[in-house]
Amino acid sequence: MKISVKPTEREKTPLGNKPTYDGWIIIHKDGVVLSAHCPRIGGSDGACRHIVAALIELEDTLRQNTVVTCTGEKCAWKRRKRTHNEATNLEDMTFTKPEIGKN
């Protein structure tokens, strides 16, 4: 299976400035992990916590039987942080028409 794990300490990975570490895990049908790969260099013991995080998430999903695909949820957009809580009055707005070639 292919995996994508978000780094916990930064917004993007140091490997190609990507938002996730993309790796793979080969699992036998009896659940034994045969092989795995993550592009991130492991810790001092050579183990990769991104592989472990993906396996823990997989186990949790299978135990709870909560497999939800991207098409199985209601459409959602990222919510932006609001800068204010009330509507702006029309009198307080400024509307301008951009003029090309003029500063």
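Residues numbered from 1 in each chain as written. Predicted model: local features only at pLDDT ≥ 70, side-chain atom pairs only at ≥ 80, totals over all residues. Heavy atoms only, no water.

A. Representation of the overall build of the protein chain within the structure. Check the secondary structure of the protein chain and you find one helix and three strands. For the protein chain, the sequential pattern of α-helices and β-strands runs β-β-β-α. Taking all 103 residues of the protein chain together, 14% fall into the buried category. Nonlocal contacts in the protein chain, meaning residues at least 24 apart in sequence, comprise 26% of its contacts between residues at least 6 apart. (Helix = DSSP H or I, 4+ residues; strand = E, 2+ residues; numbered from the N terminus. Buried < 20%, exposed > 50% of the residue type's maximum accessible area, 1.4 Å probe, protein only. Contact = heavy atoms within 4.5 Å.)

B. Inspection of the layout of surface pockets at higher detail. Roughly 190 Å³ of internal volume is contained in the second largest pocket. Along the walls of the second largest pocket sit M1, K2, I3, S4, V5, A53, A54, E57, L58 and T61, which together make up its complete lining. Among the secondary structure elements, those contributing two or more residues to the lining of the second largest pocket are strand 1 (2-5) and helix 1 (49-64). With five residues, the top contributor of residues to the lining of the second largest pocket is helix 1. (1 Å grid on protein atoms, 1.4 Å probe; cavity = no way out; pocket = protein on both sides within 12 Å on 5 of 7 lines; lining within 4 Å. Points joined across faces, edges and corners; volume = space filled by probe spheres on them.)

C. Highlighting the side chain of T61. Following the sequence through the fold, T61 ends up in helix 1. A distance of 2.9 Å separates a polar side-chain atom of T61 from the backbone oxygen of E57. (Polar contact = N/O pair within 3.5 Å; in protein donor to acceptor, adjacent residues only side chain to side chain.)

D. Structural detail: the nonpolar core. The biggest cluster of nonpolar side chains holds eight residues, and these are I3, V5, Y21, I25, C38, C48, I51 and A54. When residues of this core are traced back to their parent elements, those giving at least two are strand 1, strand 2 (21-27) and helix 1. Contact partners of I3, with chain neighbours within four places excluded, come to Y21, D22, G23, W24, I25, H50, I51 and A54. (Core = buried A, V, L, I, M, F, W, Y, C linked by side-chain atoms within 4.5 Å.)

E. Here's a closer look at a nonpolar patch on the surface. Nonpolar side chains collect at one region of the surface, where W24, I26, V32 and L34 lie side by side and expose about 370 Å² of accessible area between them. Examined against the element boundaries, I26 turns out to sit in strand 2. What makes I26 partly exposed here is its relative accessible area of 41%. (Patch = residues over 30% accessible without salt bridge, like charges linked within 9 Å, V, L, I, M, F, W, Y side chains within 5 Å. Areas by Shrake-Rupley, 256 points an atom, 1.4 Å probe, with all protein chains shown as cover. Salt bridge = Lys/Arg side-chain N within 4 Å of Asp/Glu carboxyl O.)

F. Region of the structure containing the sheet that holds strand 3 (residues 33-37). Ordered in space as 1-2-3, the three strands form an open sheet in which the pairing is antiparallel. One side of each edge strand has no neighbouring strand; the edge strands of this open sheet are strand 1 and strand 3. Strand-to-strand twist in this sheet, taken as the mean axis angle between neighbours without regard to direction, amounts to 25°. Two elements, strand 2 and strand 3, share four bridges in a ladder whose sense is antiparallel. The partner of W24 across the bridge, within strand 3, is H37. Against the sheet, helix 1 touches strand 1, strand 2 and strand 3, its axis set at about 60° to strand 2. (Pairing = 2+ DSSP bridges. Axes fitted to C-alpha atoms, helices over the stretch in contact; angles between N-to-C directions.)

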